[in-house]
Amino acid sequence: MTHPASLCLALTLIAGCTGNGPQQLDTDQVGYAQALGDGLKRQMLLNMVRLRYADVPTFLSVSQVITGYTLQTTGQVGLNAYPTANPGNYATVSGTMQYTTRPTFTFTPMTGEQFAQSYLRPLAAAELLSLAQSGAPIDLLFRLGVQSVNGMPNGATRGGEAQEASGGFLALIGAMRQAQSAGAVGLRFERQGGIGRVFLLIEGDTPAARQTRSLLGLGPTERDVEVTYGRVRSGNRQVAILTRSVLQVLYELGAQIEVAEGDVTRGDTQATETGFGDRLIRVRQGARAPDDAYAAVPYRRRWYWIEEADYRSKASFTFAYILQVLAESTRNQPTPVVTIPAQ
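Conventions adopted
- Residues numbered from 1 in each chain as written.
- Predicted model: local features only at pLDDT ≥ 70, side-chain atom pairs only at ≥ 80, totals over all residues.
- Heavy atoms only, no water.
- Buried < 20%, exposed > 50% of the residue type's maximum accessible area, 1.4 Å probe, protein only.
- Helix = DSSP H or I, 4+ residues; strand = E, 2+ residues; numbered from the N terminus.
- Arc of directions from axis to C-beta.
- Contact = heavy atoms within 4.5 Å.
- Salt bridge = Lys/Arg side-chain N within 4 Å of Asp/Glu carboxyl O.
- Core = buried A, V, L, I, M, F, W, Y, C linked by side-chain atoms within 4.5 Å.
- Phe/Tyr/Trp six-rings, centres within 6.5 Å; stacked < 30°, edge-to-face > 60°.
- Lys NZ or Arg CZ within 6 Å of the ring centre and 35° of its normal.
- pLDDT = per-residue confidence, 0-100.
- Pairing = 2+ DSSP bridges.
- Axes fitted to C-alpha atoms, helices over the stretch in contact; angles between N-to-C directions.
- Parallel < 35°, antiparallel > 145°, perpendicular 65-115°, else oblique.
- Left-handed = near helix turned anticlockwise from the far one by under 90°.

Chemist: Give a description of helix α7 (residues 207-215) that names residues and reports values.
Modeler: Within the sequence span of α7, burial applies to A208, A209, T212 and R213. Take α7 and look down its axis: the buried residues cluster within an arc of 135 degrees, on one side only. The exposed residues of α7 that point more than 90 degrees off its buried face are P207 and S214. Structurally, α7 contributes buried residues whose contacts are with α6 (167-181) and β8 (195-202). Two residues or fewer after α7 comes G217, characterised by a positive phi angle close to 80 degrees.

In structure tokens, the structure reads:
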């Protein structure tokens, strides 16, 4: 004989599942955010590897995610009476429940003018400095996104050969990092005649602040310098910053990726340059990536990955991604062109 309390409990469980909307939203929001972030990491790492092999990079953005839910429940209660009733079928309860989710993802490939504006346009120096003012390490930002400061070159790869950063460039970003830690680095924006101007402020009288001002060509009492784009400055109290594009950033990081000796022997790629000195990133390669890799992608029957325990590589990779997002934010939102329903 089925107890009435058991009957009520079964019906309650079936009916209660219909109120899971808010809980499902919370679960899906976190899940999709994590999946989207992991996918973007793999895409950027893959593009770095492809550039390492002189292959064509591909940028595909997720512009829309739509998820639909369907929940169907049915319930049936039966009560048998004399003369057909017996202890085994006095009361019956049955029910079915079907839950279906159908997410739809919209992907947009970056081509033409959108590609040029997002990945070929040099980053704005003011954007880099704004990130530094928000707390990002200024030395790492300059190592990633700057080609030269007042003609002092950053480390770069040209034609497969490494060019070391100049002593003046390394000294400058080191002093700026110390000044930043002391809260002595700031920005000031002005607009005159519809033209915006950006000034870098170096305040305080610490050794790092004094060294920064000296390397920028400022006098002991001068506290600000106008930021301009270019290789060399055109006037006093100016700092000329030649920035890189996102594609250059990915190419420079990709040049430090480890590759198999067989690929170099066949001419598929060039040997990893050993003259980089202090590497920004280390990307391993092998037949199989570890399960706990920070990011891993397959390419040409081999795996390439960044180790989870390699904090420096992860930081460089993360800020390179932030620079990419910053560059993409300047373009207009494109119209979705490819929609893939997930069944």
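Let's pick the thread back up.
Chemist: How would you summarise the pattern of salt bridges if you had to cite specific residues and measurements?
Modeler: Counted by the stated rule, this structure contains 17 salt bridges. Its salt-bridge partner being R282, residue E258 comes within 3.1 Å of it at the nearest N-O pair. Pair noted here: E258 is in the loop between α8 (246-254) and α9 (261-266) and R282 is in the loop between α9 and β11 (284-286), with a separation of 24 residues, a long-range link. For D263, the salt bridge is made with R266, and the minimal N-O distance between the two is 2.4 Å. Within this pair, D263 and its partner R266 are both found in helix α9, separated by three residues, close to a single helical turn. Accessibility expressed as a relative area gives 8% for D263, which makes it buried. Through salt bridges with shared partners, one network takes in R188, E190, E222, D224 and R237.

Chemist: Could you give an account of unusual backbone geometry, with specific residues and numbers?
Modeler: With a phi angle near 55 degrees, A54 is a residue other than glycine that sits in the positive phi range. For N150, which is not glycine, the phi torsion reads 50 degrees and is therefore positive. Structurally, N150 can be placed in the loop between β3 (146-149) and β4 (152-153).

Chemist: Tell me about the nonpolar core, and name the residues and values.
Modeler: Formed by 63 residues in total, the largest nonpolar core has its most connected members in M48, F142, L200 and L216. For this core, the element with the most residues is helix α10 (residues 311-328), which contributes six residues.

Chemist: Lay out the packing of aromatic side chains in plain terms, naming residues and giving numbers.
Modeler: The full count for this structure, using the stated rule, is six aromatic pairs. Pairwise contacts between aromatic rings join Y53, Y299 and Y304 into one cluster. In this structure, K41 packs its charged tip against the face of Y294, placed 3.9 Å from the ring centre. The positively charged end of R188 is found above the aromatic ring belonging to F199, 4.4 Å away from the centroid.

Chemist: Could you give an account of the confidence of the model for the protein, naming the residues involved and the relevant values?
Modeler: Of all residues in the protein, 73% have pLDDT values of 70 or greater, and the mean over the chain is 81. The spread of mean pLDDT over the elements of the protein runs between strand β14 (residues 338-341), the lowest at 48, and strand β13 (residues 302-306), the highest at 97.

Chemist: Give a detailed account of the sheet that holds β3, specifying residues and quantitative values.
Modeler: The sheet built from six strands is open, its strands ordered β4-β3-β10-β9-β8-β7 with mixed pairing. Two strands in the sheet have a free side with no partner beyond their single neighbour: β4 and β7 (185-192). Pairing geometry for β3 and β4, over two bridges, is antiparallel. Bridge pairing in β4 places S148 opposite P153.

Chemist: Requested: an account of the environment of R312, with residues and values cited.
Modeler: One can find R312 in helix α10. Separated by 30 residues in the primary sequence, R312 and R282 have C-alpha atoms spaced 8.7 Å apart.

Chemist: Give a description of the sheet that holds β13 that names residues and reports values.
Modeler: The sheet built from three strands is open, its strands ordered β11-β13-β12 with antiparallel pairing. With partners counted over all chains shown, the strands left at the sheet margins are β11 and β12 (295-299), one partner each. Averaged over all pairs of adjacent strands, the angle between their axes in this sheet comes to 20 degrees, without regard to strand direction. Bridge analysis of β12 against β13 gives five bridges, and the strand direction is antiparallel. Note that in β13 the partner of P298 across the bridge is W303.

Chemist: Tell me about the packing of helix α4 (residues 125-133) against α10, and name the residues and values.
Modeler: Axes are the key here: two packed helices are described by the angle between their axes and the distance separating the axes. Across the interface, α4 lies against α10 with an axial gap of 11 Å and an inter-helix angle of 130 degrees. Our classification of the angle between α4 and α10 gives oblique. Relative to α10, α4 is oriented so that their crossing is right-handed. Across the interface between the two elements, E127, L128 and L131 of α4 pack against I322, L323 and L326 of α10.

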